[in-house]
Amino acid sequence: NAGVTQTPKFQVLKTGQSMTLQCAQDMNHEYMSWYRQDPGMGLRLIHYSVGAGITDQGEVPNGYNVSRSTTEDFPLRLLSAAPSQTSVYFCASSRPKGGQYFGPGTRLTVT
Amino acid sequence: SQQGEEDPQALSIQEGENATMNCSYKTSINNLQWYRQNSGRGLVHLILIRSNEREKHSGRLRVTLDTSKKSSSLLITASRAADTASYFCATDEGQAGTALIFGKGTTLSVSS
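Residues numbered from 1 in each chain as written. Chains lettered and ligands numbered in written order. Predicted model: local features only at pLDDT ≥ 70, side-chain atom pairs only at ≥ 80, totals over all residues. Heavy atoms only, no water.

Asker: Residue-level account of the environment of Arg-54 of chain B, with values.
Answerer: Its location among the elements puts Arg-54 of chain B in the loop between strand 5 (43–50) and strand 6 (55–58). Considered as a pair, Arg-54 of chain B and Asp-92 of chain B are 38 residues apart in the sequence and their alpha carbons are 16 Å apart. (Helix = DSSP H or I, 4+ residues; strand = E, 2+ residues; numbered from the N terminus.)

Asker: Describe the sheet that holds strand 7 (residues 64–66) of chain A, with residues and values.
Answerer: Residue and element names in this part refer to chain A. Overall, antiparallel pairing links the 4 strands, which are arranged 1-3-8-7 in an open sheet. A strand with exactly one partner marks an edge of an open sheet, and here the two such strands are strand 1 (4–7) and strand 7. Between one strand axis and the next, the sheet turns by 20° as a mean value, whatever way the strands run. One ladder, built from 4 bridges, connects strand 1 with strand 3 (residues 19–25); its direction is antiparallel. Residue pairing for strand 3: Gln-6 is matched across the bridge by Cys-23. (Pairing = 2+ DSSP bridges. Axes fitted to C-alpha atoms, helices over the stretch in contact; angles between N-to-C directions.)

Asker: I'd like a rundown of the interface of chain B and chain A, residues and numbers included.
Answerer: Taken together, the contact between chain B and chain A spans 23 residues of the former and 23 residues of the latter. At the junction of chain B with chain A, the criterion picks out 2 residue pairs in polar contact (both at pLDDT 80 or more). Taken together, the elements giving at least two residues each to the side of chain B that touches chain A come down to strand 4 (31–37), strand 5 and strand 10 (100–102) of chain B. In the side of chain B that touches chain A, the residues fall into 8 nonpolar, 12 polar and 3 charged. (Contact = heavy atoms within 4.5 Å. Polar contact = N/O pair within 3.5 Å; in protein donor to acceptor, adjacent residues only side chain to side chain. Nonpolar A, V, L, I, M, F, W, Y, C, P; charged D, E, K, R; others polar.)

Asker: Lay out unusual backbone geometry with the relevant residues and their values.
Answerer: Most of the time, phi is negative for any residue but glycine, and the peptide bond is trans. All names here are of chain A. The omega angle of the peptide bond from Thr-7 to Pro-8 is -5°, so this bond is cis rather than trans. Checked against the element boundaries, Pro-8 lands in the loop between strand 1 and strand 2 (10–13). Within the chain, Asn-28 stands out as a residue other than glycine whose phi angle is a positive 60°. Summarising the element assignment, Asn-28 is placed in the loop between strand 3 and strand 4 (31–37). Its relative accessible area of 58% is what places Asn-28 among the exposed residues. (Buried < 20%, exposed > 50% of the residue type's maximum accessible area, 1.4 Å probe, protein only.)

Asker: Could you give me a rundown of the sheet that holds strand 1 (residues 5–7) of chain B, with the residues and numbers involved?
Answerer: All names here are of chain B. Strand order in this open sheet of 5 strands is 1-3-8-7-6, and the pairing throughout is antiparallel. The open sheet has two edge strands, strand 1 and strand 6, and neither has a second partner. Averaged over all neighbouring strand pairs, the angle between strand axes comes to 20°, with direction disregarded.

Asker: Would you mind going over the packing of aromatic side chains in detail, with residue names and values included?
Answerer: Summed over all chains, the structure comprises 7 aromatic pairs over all chains. On the basis of an interplanar angle of 90° and a centroid distance of 5.4 Å, the ring pair of Tyr-35 of chain A and Phe-102 of chain B is categorised as edge-to-face. Here the residue Tyr-35 of chain A occupies a position in strand 4, and Phe-102 of chain B occupies one in strand 10, the pair thus bridging two chains. Here Tyr-35 of chain A and Phe-102 of chain B have matching classes, each one buried. Clustering of aromatic rings is evident, with ring pairs tying together Tyr-35, Phe-90 and Phe-102 of chain A together with Tyr-35 and Phe-102 of chain B. Lying across the ring of Phe-74 of chain A, Arg-68 of chain A places its NZ or CZ 6.0 Å from the centre. (Phe/Tyr/Trp six-rings, centres within 6.5 Å; stacked < 30°, edge-to-face > 60°. Lys NZ or Arg CZ within 6 Å of the ring centre and 35° of its normal.)

Asker: Describe the pattern of salt bridges, naming the residues involved and giving the relevant values.
Answerer: Taken as a whole and judged by the stated rule, the model has 5 salt bridges over all chains. Residues Glu-53 of chain B and Lys-56 of chain B are paired through a salt bridge, measuring 3.9 Å at the closest nitrogen-oxygen approach. Of the charged contacts, one joins Arg-62 of chain B and Glu-55 of chain B as a salt bridge, the two residues approaching to 3.2 Å between their closest N and O atoms. With a relative accessible area of 31%, Arg-62 of chain B lands in the partly exposed category. A residue is classified by how much of its surface remains accessible, and Glu-55 of chain B, at 40% relative accessible area, is partly exposed. Via salt bridges that share partners, Arg-36, Asp-38 and Arg-44 of chain A belong to a single interconnected network. (Salt bridge = Lys/Arg side-chain N within 4 Å of Asp/Glu carboxyl O.)

Asker: Outline the nonpolar core, supporting the account with residue identities and numerical values.
Answerer: Residues Met-21, Leu-32, Trp-34, Leu-74, Ile-76, Tyr-87 and Leu-108 of chain B are the most contacted members of the largest nonpolar core, which totals 22 residues. Counting residues per element, the ones that place at least two in this core are strand 2 (10–14), strand 3 (19–24), strand 4, strand 5, strand 7 (61–66), strand 8 (71–76), strand 9 (85–92) and strand 11 (106–111) of chain B. Contacts of Tyr-87 of chain B, omitting those with residues within four sequence positions, involve Glu-6, Met-21, Tyr-35, Arg-36, Leu-46, Leu-74, Ile-76, Gly-105, Thr-106 and Leu-108 of chain B. Of all hydrophobic cores here, the second largest spans 20 residues; its members include Met-27, Met-32, Ala-81 and Leu-108 of chain A. (Core = buried A, V, L, I, M, F, W, Y, C linked by side-chain atoms within 4.5 Å.)

Given below as structure tokens:
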């Protein structure tokens, strides 16, 4: 199993550009989440999903969209990138009430 | 807002010593989880303790939970240099069990 995969690993965007961070898992987990991690901080939840077709907002959802059309994939869209969105983004998946499996992260810089 | 707060922020010990990290949280929880993050890597799940459990062990890890004090501790016994990492507690406050709220972490440095 590949576990949780994220692409790209690194990305540089200009302010105002849009892009999609990809996340996929092959463990047939129902739950998937997106977090961002800023220097010296823990992870903050952006959006999460408890199953295909179901998504909900986390602590810091503004500026991001998600969709969950399949169990395996949970892409995160930045609508109009801002320097405040410079961060490391982590995707995670889990079974209900289980520990989360994290991807390796995407390091995003917005100039 | 962040739920868990780890203490201390940083901890330096020698190999073979025990390391204890504490986590306090604010609201009622379904479970509390501990994760490790090596520099530049993703998080790795270490242990999950449910709200009706008081203590849990996994190898050299021991986690306690005191819901009356809204606190948890992670003990790593006989530390090794490979334990050098950041450790985060995360509380599960959502009904679905996926909306984890993380603390800012404890950075552990184990020197040989």
